[in-house]
Amino acid sequence: MGPAPAKGEEDADLINAGKEPVTLLTGGAFFHHNDSFAMMRGGHLDIAVLGAFQVSVSGDLANWHSGGDAIPAVGGAMDLAAGAKDVWVMMEHLTKEGKSKIVERCSYPLTGIGVVKRVYTDLAVIEVTSRGLAANRLVPGLAFEDLQRMTGVSLLPLGARAAA
């Protein structure tokens, strides 16, 4: 997808998941809504990359909520979480209030239970394993101990990755 179109050049048939008009960059492609759900529900996706409000230590995913000005529906995220072979999450590590989005137990409504395999944050890459959460890569200059303190749940140290 490309940037938002210029005012007056919107195409009502070319929108993103948030129902906002988008443009298509060279090499981009799109397909019908029904086809997208057939791919998701048919198990044809190897990886789904989703945003999240919270990820639990056991890989539970919460990427929607029903309060405030939020879009009041889970949409296709639940289909992606259930249908993809691997679910990766991309999110900021901390909320605006400075609390970790990686939590012991999600407080937002769940999108999927135990579906997240990997979390990419602005601070680290964290694997969800059978032994717990393993911090594998940290941003330059960030000590593991500082990441552990900010995260608030137990992390396995760098290099302690275990088979999921």
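1. Section: the overall build of the protein
- When helices and strands are tallied, the protein shows three helices and nine strands.
- The proportion of buried residues among the 164 residues of the protein is 38%.
- Across the protein, every contact between residues at least 6 apart in sequence was considered, and the portion connecting residues at least 24 apart equals 58%.
- Element-wise, carbon and sulfur atoms account for 55% of the exposed surface of the protein, whose accessible area totals about 9900 Å².

2. Side note on helix H3 (residues 144-151)
- Regarding H3, the residues found buried are Phe-144, Leu-147 and Thr-151. Along the axis of H3, the buried residues cluster in a sector spanning 60 degrees; they form a single face. Away from the buried face of H3 by more than 90 degrees, exposed residues Glu-145 and Arg-149 are located.
- On its buried face, H3 sits against strand S5 (102-103), strand S7 (124-129), strand S8 (132-138) and strand S9 (155-156).
- Positive backbone phi, approximately 85 degrees, marks Gly-152, located one or two places after H3.

3. Quick notes on the side chain of Asn-63
- Inspection of the secondary structure assignment puts Asn-63 in the loop between strand S3 (61-62) and helix H2 (77-83).
- Within the local environment of Asn-63, its side chain forms a polar contact with the backbone oxygen of Gly-51, the two atoms lying 3.4 Å apart.
- Excluding anything up to four places from it in sequence, Asn-63 contacts Leu-50, Gly-51, Ala-52, Phe-53, Ala-77 and Thr-111.

4. Description of the environment of Gly-2
- Structurally, the position occupied by Gly-2 is in the segment before helix H1 (33-41).
- Here Gly-2 falls in the buried class, since its relative accessible area comes to 18%.
- The spatial distance from the C-alpha of Gly-2 to the C-alpha of Thr-26 is 9.0 Å, given a sequence separation of 24 residues.
- In this view, Gly-2 contacts Val-22, Thr-23, Leu-24 and Leu-25; residues no more than four positions away in its chain are not counted.

5. Some details on the environment of Gln-148
- Residue placement: Gln-148 occurs in helix H3.
- When the C-alpha atoms of Gln-148 and Ala-135 are compared, they prove to be 9.1 Å apart, with 13 residues separating the residues in sequence.
- For Gln-148, the contacting residues outside a window of four places in its chain are Val-153, Ser-154 and Leu-155.
- Reaching out from Gln-148, the side chain makes a polar contact with the backbone nitrogen of Leu-155 at a distance of 2.9 Å.

6. Observations concerning the pairing of strand S1 (residues 47-50)
- Residues Ala-48 and Leu-50 line the buried face of S1, whereas the alternating positions Ile-47 and Val-49 sit on a face that is not buried.
- Where S1 meets strand S4 (residues 86-90), four bridges bridge the pair, whose relative direction is parallel. Paired with Ala-48 across the bridge in S4 is Val-87.

7. Describing the packing of aromatic side chains
- What the rule picks out here adds up to two aromatic pairs.
- Over the face of the ring belonging to Trp-88 we find Arg-118, whose NZ or CZ atom lies 4.5 Å from the ring centre.

8. Section: H1
- Three or more residues of H1 are buried, namely Ser-36, Phe-37 and Met-40. Along H1, the residues classed as buried sweep out an arc of 95 degrees about the axis, all on the same side.
- Buried residues along H1 sit against H2.
- A positive backbone phi angle near 75 degrees is found at Gly-43, which sits one or two residues after H1.

Rules used throughout
- Residues numbered from 1 in each chain as written.
- Predicted model: local features only at pLDDT ≥ 70, side-chain atom pairs only at ≥ 80, totals over all residues.
- Heavy atoms only, no water.
- Helix = DSSP H or I, 4+ residues; strand = E, 2+ residues; numbered from the N terminus.
- Buried < 20%, exposed > 50% of the residue type's maximum accessible area, 1.4 Å probe, protein only.
- Contact = heavy atoms within 4.5 Å.
- Areas by Shrake-Rupley, 256 points an atom, 1.4 Å probe, with all protein chains shown as cover.
- Arc of directions from axis to C-beta.
- Polar contact = N/O pair within 3.5 Å; in protein donor to acceptor, adjacent residues only side chain to side chain.
- Pairing = 2+ DSSP bridges.
- Phe/Tyr/Trp six-rings, centres within 6.5 Å; stacked < 30°, edge-to-face > 60°.
- Lys NZ or Arg CZ within 6 Å of the ring centre and 35° of its normal.

This is a description of form; function is not addressed.
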